[in-house]
Amino acid sequence: EKAGVTIGIVVLVNLLLRQCTGLWPHSGQGIPPMFGDYEAQRHWMEITTQLPLKDWYHNTTDNDLLYWGLDYPPLTAYISWVAGRIAEAFDPASMALLTSRGYDTPSSKLFMRLTVIFSDIVVYIPAAYLLVKTFRQSKNQPIALWNLLFIPSLILIDHGHFQYNNLSLGPTLLAIALIFQDRPYLASIAFVLALNYKQMCLYYSVAFFVYLLSNAFKDTFSRGIINVVKLGVVVIVTFGLIWAPFGVYGGVDGIKQLLIRLFPVGRGVFEDKVANLWCSISPFIKLKLIFPQETMALICLVTTVVSLLPSCYQCFKRPTKLNFVYTLVIQALGFYLFSFQVHEKSILLPLIPATILFTDHPEFVSLFSVVSTFSMYPLLLKDGLLIPYFALMLLYLATTLPSLSPRGLQLQLLSISGMGLIHLVTAFAPLPPKLPHLYTLLLTTYSFGHFFAFYAYLNYLQWFKKEKQT
Amino acid sequence: RESKLNLMKATKVGIDSPYNYVIVSLLVTTIKFLLIPSYISTDFDVHRNWLALTSSLPYTQWYYEKTSEWTLDYPPFFAFFEYLLSFFAPYFDPMMLRISAEPYRSSQTILFQRLTVIATDLFFFYAVWHFGRSLKSSQVNRLAIFVLTVANPGLLMVDHVHFQYNGLLFGLIVLSISYMVRDQVIMSSIFFCIALNFKHLFLYIAPAYFSYILSHYCFKTKDASGFVSRLMTVGSVVIFIFAMSFGPFAIHGQIPQVLSRLFPFQRGLCHAYWAPNIWAIYNIIDKILKMVWLKNGWEVPSDVASMTGGLVQETSHLILPTIRPPHTLILIIVFLLPMMFRVLKKPTIAIFLMAVVQSALTFYMFGWHTHEKAILTAIIPLGLIAGDPKMGKMFYFLGTVGHFSLFPLLFQPTETLTKIFLLLTYVAILQSMLLVLHSGKPIGLSIMEAGYLWGLVPVGIINSIGTIIFPTLPFLPLLVTSVYCSLGIIYSYIRMYIHLLRS
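Residues numbered from 1 in each chain as written. Chains lettered and ligands numbered in written order. Predicted model: local features only at pLDDT ≥ 70, side-chain atom pairs only at ≥ 80, totals over all residues. Heavy atoms only, no water.

A. Local environment of the overall build of chain B. Each helix and strand in chain B was counted, giving 21 helices and zero strands. Relative to the compact-globule value of 23 Å for 503 residues, chain B shows a C-alpha radius of gyration of 23 Å, a close match. Each principal axis of the C-alpha atoms in chain B carries an extent, and together these give about 65 × 60 × 55 Å. Looking at chain B as a whole, 60% of its 503 residues are labelled buried. Here the contacts in chain B between residues at least 6 apart in sequence split such that 76% fall between residues at least 24 apart. As presented, chain B carries roughly 20100 Å² of accessible surface, and 70% of it is formed by carbon and sulfur atoms. (Helix = DSSP H or I, 4+ residues; strand = E, 2+ residues; numbered from the N terminus. Rg over C-alpha atoms; globule rule 2.2 N^0.38 Å. Buried < 20%, exposed > 50% of the residue type's maximum accessible area, 1.4 Å probe, protein only. Contact = heavy atoms within 4.5 Å. Areas by Shrake-Rupley, 256 points an atom, 1.4 Å probe, with all protein chains shown as cover.)

So, in C-alpha cells, the structure goes:
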C-alpha cells in the first residue's frame with residue numbers, strides 16, 4: 001500500500017510539473033502568419049474534422065498543404081479528428097475551416113494543453129509504469145518510474161513547445177515492455193502503432209527488426225521461418241488496418257500521396273542548427289556547395305547504416321534484453337547523428353529508451369538527459385521557455401547528482417560548467433557581426449561532441465562490458 | 001517528495017541529511033517558478049502601488065495616498081518592507097515605481113514581484129525547518145512536517161498565483177510558534193509582534209498568545225514580584241515593537257488615519273464570495289426561509305441586495321435578524337472565552353498549539369467580512385501539529401476542505417487545471433506524510449467524513465462548468481461551494497474545540 005501511494009505521488013508530481021509548464025507560451029504563440037507546432041496540431045484537428053478523409057493529405061482549395069499540411073502518419077490524423085470533434089462541440093469557432101487559423105483563446109489553449117496531459121495520463125504514464133513493473137523489483141519501481149517520467153526535455157517539448165511525443169514514445173515504451181515480457185507479436189503491434197503516429201519511430205525499426213529476427217530463430221531454423229512469417233503477418237495486418245481507409249477512399253494514389261507527405265525529399269540536409277555531424281562540420285566543409293542533394297542523401301544513408309552495424313551484429317548474435325535496449329538507443333542516436341533532415345527534437349528518440357538504464361548507468365543517462373535539454377535551448381529560448389528550462393534543469397540536476405559516483409560527478413560538473421559558460425557567453429558577449437550563428441553553433445557542436453561520445457560509450461558497453469542480471 | 005524510505009535507500013542519502021530539505025524546497029520552488037505566467041489578481045496592483053508610494057512619498061503621506069483604490073491598508077512594518085523592495089525594482093523596470101491610478105503590469109514588473117515572493121518564501125522554509133528542530137521527534141517526522149507545511153497548496157494558490165506575501169508572514173508566525181515550543185517566550189513574543197505589525201490579520205491568534213503567556217509565563221512564578229516582572233518584560237517587548245512600527249506615525253498624529261485604513265468597516269457581512277463560515281449557513285437559511293415565506297404568501301420585507309451578486313454591498317437579512325458588526329464581535333468573544341479559559345487553566349504547549357488554531361478559526365467563523373484566504377491562518381498552524389493522530393486527521397480533513405474553498409480565487413480557465421493538480425498532488429503527499437508521522441496507521445476518516453470529501457468532486461465540477469449547465473443561475477457555483485465548504489469547516493471547528501476542551 002505504501003508503494004502504491006508512492007507511485008501515485010511520483011505520477012501526480014510529474015503531472016503537476018507538466019501542467020505548470022503548460023502555463024508558459026507555446027511555439028509560435030502570437031506570431032502570425034505561420035505561428036508554430038501548436039497551430040500545426042490545431043490545424044490538423046481543423047482539417048480532419050472539416051474535410052473528408054480523401055482530402056486530408058492532398059492539396060485542395062480547402063487544404064493548403066503549404067500551411068502546416070499533414071505530414072505525420074494516419075494515427076495522428078485519426079487522433080486529431082477525435083480531439084477536433086471534442087473541441088468543436090465546446091467551441092465551433094476554434095475548428096472552423098480557414099477562419100480558425102491562429103485561433104488562440106485561454107479556453108482553447110486550456111483544451112490543447114489538456115489533450116497533451118490526457119495523452120500522458122492515458123498512454124505514456126501507463127506504458128512507463130508497465131515497463132517499470134516488468135523489469136524492476138517493486139521497491140525500486142517508484143524511482144525507476146520517476147526516471148522515466150521526469151525528463152525535462154520531454155516535458156519542455158510536449159507541454160511547453162507543444163507536441164505529442166508522448167503518443168509515439170508511449171507505445172514505444174509499451175513495445176519495449178512487451179519485449180521484456182517475451183511477447184513479440186504484441187510488441188510488434190505496439191511498435192507499429194508508435195510508427196503510425198510518428199514516422200520518426202523508424203529510428204527504432206532496425207533494432208526491433210534485428211532483435212525480433214534473432215529471437216525468432218532461437219529454436220530451429222524452420223521454426224524461425226514460421227515465426228518470421230507470423231511476425232510479418234501481424235505487422236502487415238496492423239499497417240493494413242490503419243492505412244485501409246486511405247486505400248479505400250483514395251486508392252493507390254491516395255497511398256502514394258501519403259508516402260510523399262511522410263517522406264519529403266525536397267528539403268536540405270539539415271534545417272535549423274542541430275547537434276549532429278553534418279551541422280557540426282558545416283562551418284568547415286560547406287556540404288551544400290560540394291554535394292548535390294541526392295549525393296548528400298546517399299552519404300547520410302551510408303554513414304547511418306555503417307554506424308548501426310556493430311550494434312546490430314551484437315544484438316543479433318546475443319539477443320538479450322539489455323542488448324536490445326543498447327541497440328535501440330544506439331540506432332536512434334546513429335540516426336540522429338548521421339541521417340538526413342534531422343530536427344533537434346529528435347534527440348528525444350534515443351533519450352527516452354536510455355532512461356531505462358538509469359539505475360545501472362546513472363552518470364551516462366543523467367548527462368545524456370542534461371545535454372539533450374541543453375541542445376534544444378535555442379528552440380526553447382525562441383518559445384519563451386527560458387525560466388522553465390532553467391527551473392526544470394536545476395531540479396533535475398539536484399535530484400540526480402547525488403546518485404552519481406564521485407568520478408561521474410566530476411565529469412558531470414565539468415560538462416555542466418561548459419554549458420554554463422556557453423550560456424553566459426550567449427547572454428552577455430556581443431555577437432561578432434560576421435558570424436551570426438556562432439553561439440548557436442557553439443552550443444550544437446558542444447552537444448554533438450557529447451552525443452558522439454555517448455554513441456561510442458554505448459557501443460563500448462555493448463561489446464566489452466559483462467552483462468549482469470538486473 | 002517521494003516516500004523518504006524508498007528514495008533514501010536508492011540514493012544513499014541519510015534521512016537527516018540537509019539534502020532532503022533542499023530537494024523538497026527546490027521542488028516546491030520549481031513549481032513557483034513555473035507558476036509565474038499565471039493569472040494575477042488586483043492584489044498584484046495593490047502591492048505594486050505600495051512599492052510606488054513608499055519609494056516616491058515621504059512616510060508621512062503613506063497612509064494618506066489615495067490616487068487609486070489600492071491604498072495602504074497593512075501595518076507599517078509591511079510598508080517598510082515594500083520600501084526595501086523598491087530599491088531593487090529599478091533593476092527590472094523603473095516605471096513600476098510611478099504612482100498611477102491605472103494598473104501597470106509590464107512583464108518585468110510581474111517577474112520582479114513574483115521573484116520577491118519566491119525569494120521571501122526562503123524565510124518560510126527556514127522557519128519551518130526551525131520548527132522541526134524544536135520538536136522532540138524523529139528525523140523522519142521532522143522532515144514530514146516540513147514537507148506538508150512547505151508544500152501547502154493554499155500558499156501556492158494565494159501567494160504565487162493570486163499574489164500575496166503570506167510565505168514571509170507565516171514564516172514569522174511559524175518562527176514565533178517554534179520559539180514558544182522551545183519555551184523561549186520572549187523570542188516568541190518578539191516574532192509574533194513583528195508579524196502583527198506586518199499584517200494585523202494575525203490578531204486572529206492573539207487571544208491564544210495572550211492567555212498562554214499570561215498563564216504559562218507570568219503566572220508560573222509563584223510570587224507576585226516575579227509575576228509583575230515577567231508581565232513587564234513581555235509588555236515592554238510588545239510596546240517597544242509597536243512603538244518602532246507605529247511610532248513614526250504617532251509622532252505626526254496619524255494614528256486615527258492609520259487605524260481607519262487597517263480596520264475599514266464599511267463593507268458587508270460577507271465578501272462577494274461568501275467565506276465558508278457560519279454566516280454562509282446563516283445566509284442560505286435566510287434565503288430558504290424567504291422562499292418558504294413567499295410560497296406561503298407571507299409578507300417579506302423588500303430587499304434589493306443579492307449577496308453573491310459580485311458586488312460587495314451592505315447586506316440585510318430578510319427573515320432572520322440582520323447581523324451587524326457588534327453581533328459578530330460579541331459572538332467572537334463568546335466563543336473565544338472557553339478556549340482562553342482552557343489555556344489559562346492548563347497552559348501546556350500542546351494546548352497552546354491547538355488554541356492557536358482554534359482562535360484563528362473562531363475569528364474566521366464569526367468575523368465580519370471574513371476573507372476566505374484567512375482559512376490559512378488556521379490551516380498552517382494545524383499542519384504543524386499533524387504529528388498527533390487526531391490532529392493529523394483533522395488537518396487532512398480541514399486542509400482539504402479549506403484549500404478547496406480557495407478555488408473561487410482562481411477563476412480563470414487556465415487556472416482550472418492548476419488548482420486541481422495542486423490540490424490533488426498535495427492530498428497524495430499528505431496521505432504519505434501522515435502515514436510516516438503516525439507509523440503506518442491509516443488516517444481513519446469515518447465514512448461520513450470520507451464521503452463528504454468525495455462530495456467535493458461534484459462541487460468542483462459545478463464550480464468549473466456550473467455557469468454552462470445552469471446559465472440562469474450565475475451565482476450557483478459560488479453559493480454551492482461556499483455552503484458545502486462551510487459545513488466541513490464548521491464540523492472541524494466543533495470537533496477540534498471539543499478535543500481542545502477535553503484533552
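Additional details are given in the paragraphs that follow.
B. Geometry of the pattern of salt bridges. Residues and elements named next belong to chain A. Under the definition given, this model contains 13 salt bridges over all chains. K54 is the partner of D55 in a salt bridge, and the nearest nitrogen-oxygen pair spans 3.7 Å. Judged by its relative accessible area of 16%, D55 is buried. One salt bridge connects D182 with K321, and the closest N-O pair in it is separated by 3.2 Å. Of this pair, D182 sits in the loop between α7 (166-180) and α8 (184-197) while K321 is found in helix α14 (residues 321-338), placing the two residues 139 residues apart along the sequence. For D182, a relative accessible area of 52% translates into the label exposed. (Salt bridge = Lys/Arg side-chain N within 4 Å of Asp/Glu carboxyl O.)

C. The interface of chain A and chain B, seen in detail. Listed by partner, the interface residues are 35 residues for chain A and 36 residues for chain B. Between chain A and chain B lies a buried interface of about 3300 Å² when both sides are counted; carbon and sulfur atoms form 80% of it. For the chain A face of the interface with chain B, the top three residues by lost area are I9(A), L16(A) and L23(A), together amounting to 18%. Here chain A and chain B share zero salt bridges between them. Where chain A touches chain B, the interface holds three residue pairs in polar contact (both at pLDDT 80 or more). Broken down by secondary-structure element, the contributors of at least two residues to the side of chain A that touches chain B are α1 (2-21), α4 (106-135), α5 (141-149) and α18 (386-400) of chain A. A total of 13 residues in the side of chain A that touches chain B trace back to one element, the largest contributor, which is α1(A). Class assignment of the residues belonging to the side of chain A that touches chain B gives a composition of 26 nonpolar, six polar and three charged. (Buried area = accessible area lost by both parts, 1.4 Å probe. Polar contact = N/O pair within 3.5 Å; in protein donor to acceptor, adjacent residues only side chain to side chain. Nonpolar A, V, L, I, M, F, W, Y, C, P; charged D, E, K, R; others polar.)

D. Just helix α15 (residues 349-366) of chain B, in detail. When the terminal C-alpha atoms of α15(B) are compared, their 26 Å separation across 18 residues agrees well with the 26 Å that a helix rising 1.5 Å per residue should span. A large share of α15(B) lies buried, amounting to 16 of its 18 residues. (Expected span 1.5 Å × (residues − 1).)

E. The side chain of S366(A), seen in detail. In this fold, S366(A) is placed in helix α16 (residues 362-375). Non-local contacts of S366(A), meaning those with residues more than four positions away in its chain, are made with F358(A), Y396(A), T400(A), L404(A) and Q412(A).

F. Representation of helix α3 (residues 42-56) of chain B in the model. Residue and element names in this part refer to chain B. Compared with the 21 Å implied by 1.5 Å per residue over 15 residues, the 21 Å span of α3 between its first and last C-alpha is a close match. Summarising burial for α3: 12 of the 15 residues are buried, a large majority. Within α3 the residues assigned to the buried category are D43, F44, D45, V46, H47, R48, N49, W50, L51, A52, L53 and T54. On its buried face, α3 is in contact with α4 (76-85), α5 (107-134) and α7 (153-163).

G. Here's a closer look at the packing of aromatic side chains. Under the counting rule described, the total for this entry stands at 73 aromatic pairs over all chains. Above the ring of Y104(B), the side-chain terminus of R98(B) is found at 5.9 Å from the ring centroid. (Phe/Tyr/Trp six-rings, centres within 6.5 Å; stacked < 30°, edge-to-face > 60°. Lys NZ or Arg CZ within 6 Å of the ring centre and 35° of its normal.)

H. Just the side chain of T400(B), in detail. Residue and element names in this part refer to chain B. Mapping T400 onto the fold places it in helix α17 (residues 389-404). On the basis of relative accessibility, which here comes to 9%, the residue T400 falls in the buried class. Those residues in contact with T400 that sit more than four places away from it in its chain are F395, L423, V427, L453 and L456.

I. Broad picture of a nonpolar patch on the surface. All names here are of chain B. The grouping of W454, V457, I461, I465, I468, I469, F470, L473 and F475 at the surface amounts to a nonpolar patch, some 870 Å² of accessible area in total. At five residues, helix α20 (residues 456-469) tops the list of elements feeding residues into the nonpolar patch. Looking at the element boundaries, I461 is found in helix α20. (Patch = residues over 30% accessible without salt bridge, like charges linked within 9 Å, V, L, I, M, F, W, Y side chains within 5 Å.)

J. Spatial organisation of the nonpolar core. Residue and element names in this part refer to chain A. F368 and F451 are the most contacted members of the largest nonpolar core, which totals 292 residues. Each residue touching F368, except ones within four places of it in the same chain, is listed here: V329, L333, I347, P350, L351, A354, F451 and F454. Counting residues in each nonpolar core, the second largest holds 27 residues, with L51, A83, A87 and L167 among its members. (Core = buried A, V, L, I, M, F, W, Y, C linked by side-chain atoms within 4.5 Å.)

K. Seen up close, the state of the cysteines. This model, assessed by the stated rule, comprises zero disulfides over all chains. Just so you know, C312(A) is unpaired, no disulfide at all, and the nearest cysteine sulfur is the one on C315(A), 7.1 Å from it. Its relative accessible area of 11% is what places C312(A) among the buried residues. Cysteine C270(B) shares no disulfide, and the gap to the nearest cysteine sulfur, in C485(B), comes to 14 Å. (Disulfide = S-S within 2.5 Å.)

L. View of the packing of helix α8 (residues 166-181) of chain B against helix α9 (residues 185-198) of chain B. Residues and elements named next belong to chain B. The N-to-C vectors of α8 and α9 enclose an angle of 160°; their axes lie 7 Å apart at closest approach. Viewed along their axes, α8 and α9 adopt a mutual orientation that is roughly antiparallel. Where α8 crosses over α9, the two elements pack in a sense that is left-handed. Contacts from L168, L169, L172, I173, L175, S176, Y179 and M180 in α8 reach V185, M187, S188, F191, F192, I194, A195 and F198 in α9. Its residues assigned to classes, the contact of α8 with α9 shows 14 nonpolar, two polar and no charged. (Axes fitted to C-alpha atoms, helices over the stretch in contact; angles between N-to-C directions. Parallel < 35°, antiparallel > 145°, perpendicular 65-115°, else oblique. Left-handed = near helix turned anticlockwise from the far one by under 90°.)

So, to be careful, I would describe these as geometric facts and stop short of saying anything about function.
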